[in-house]
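# Tertiary structure, described
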Amino acid sequence: MERIEVTILGQKYTVKGNESEDYIKRLAAFVDEKLKEVYNSAPNITRLKAAILASLNIADELHKLKES
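One structure accompanies this document, and this report is about it. Not measured: the values here are computed from a predicted model.

Here the focus is the overall build of the protein. The number of helices and strands found in the protein is two helices and two strands. Counting from the amino terminus, the protein carries its helices and strands in the arrangement β-β-α-α. Across its three principal directions, the C-alpha atoms of the protein cover 35 × 35 × 15 Å. Burial analysis of the protein (68 residues in total) assigns 21% to the buried set. Summarising the internal contacts of the protein: among those between residues at least 6 apart in sequence, 22% fall at separations of at least 24. Summing over all exposed atoms, the protein offers an accessible surface of approximately 5,400 Å²; the carbon and sulfur share of this is 54%. Across the protein, the mean location of the 11 positive side-chain charges is 6 Å away from that of the 11 negative side-chain charges.

Below, the structure is given as structure tokens:
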């Protein structure tokens, strides 16, 4: 199991996973982008609320892809 360091919203995280380093970094970049979208639309939002809204946006995209 690999340990990969990623940065999301300027904060470093160590992620353990069986996937390649490139894949995990791409996932982290995707999450970072979604969080930044939330922050751009509501800059005074808390990190927790931003994370929840970004999660809902990602879940929405996933469900729409599964339905099509």
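Still to come is the rest of the account.
Core analysis: the largest hydrophobic core is formed by eleven residues, namely Ile4, Val6, Ile8, Ile24, Ala28, Leu35, Val38, Tyr39, Ile45, Ala50 and Ala54. For this core, the secondary structure elements donating two or more residues are β1 (2-8), α1 (21-41) and α2 (47-67). The element that contributes the greatest number of residues to this core is α1, accounting for five residues.

We now examine unusual backbone geometry. Non-glycine residue Leu9 carries a positive phi angle of around 50 degrees. Residue position: Leu9 is located in the loop between β1 and β2 (11-17).

On to the pairing of β1, then. Each regular strand displays side chains that alternate between the two surfaces of the sheet. The pairing of β1 with β2 spans seven bridges and is classified as antiparallel. Directly across from Thr7, in β2, lies its bridge partner Lys12. Between the end of β1 and the start of β2, which pair antiparallel, lie two residues, with Leu9 showing a positive phi angle near 50 degrees.

Across the interface, α1 lies against α2 with an axial gap of 9 Å and an inter-helix angle of 115 degrees. Handedness of the crossing formed by α1 with α2: right-handed. Contact residues: Phe30, Val31, Lys34, Leu35, Val38 and Tyr39 in α1; Arg47, Ala50, Ala51, Leu53, Ala54, Asn57, Ile58 and Glu61 in α2. Grouping the amino acids of the contact of α1 with α2 by side-chain chemistry returns ten nonpolar, one polar and three charged.

About the criteria used
Residues numbered from 1 in each chain as written. Predicted model: local features only at pLDDT ≥ 70, side-chain atom pairs only at ≥ 80, totals over all residues. Heavy atoms only, no water. Helix = DSSP H or I, 4+ residues; strand = E, 2+ residues; numbered from the N terminus. Buried < 20%, exposed > 50% of the residue type's maximum accessible area, 1.4 Å probe, protein only. Contact = heavy atoms within 4.5 Å. Areas by Shrake-Rupley, 256 points an atom, 1.4 Å probe, with all protein chains shown as cover. Lys, Arg positive; Asp, Glu negative; His and termini not counted. Charge placed at Lys NZ, Arg CZ, Asp CG, Glu CD. Core = buried A, V, L, I, M, F, W, Y, C linked by side-chain atoms within 4.5 Å. Pairing = 2+ DSSP bridges. Axes fitted to C-alpha atoms, helices over the stretch in contact; angles between N-to-C directions. Left-handed = near helix turned anticlockwise from the far one by under 90°. Nonpolar A, V, L, I, M, F, W, Y, C, P; charged D, E, K, R; others polar.

That's the geometry; what it means functionally is another story.
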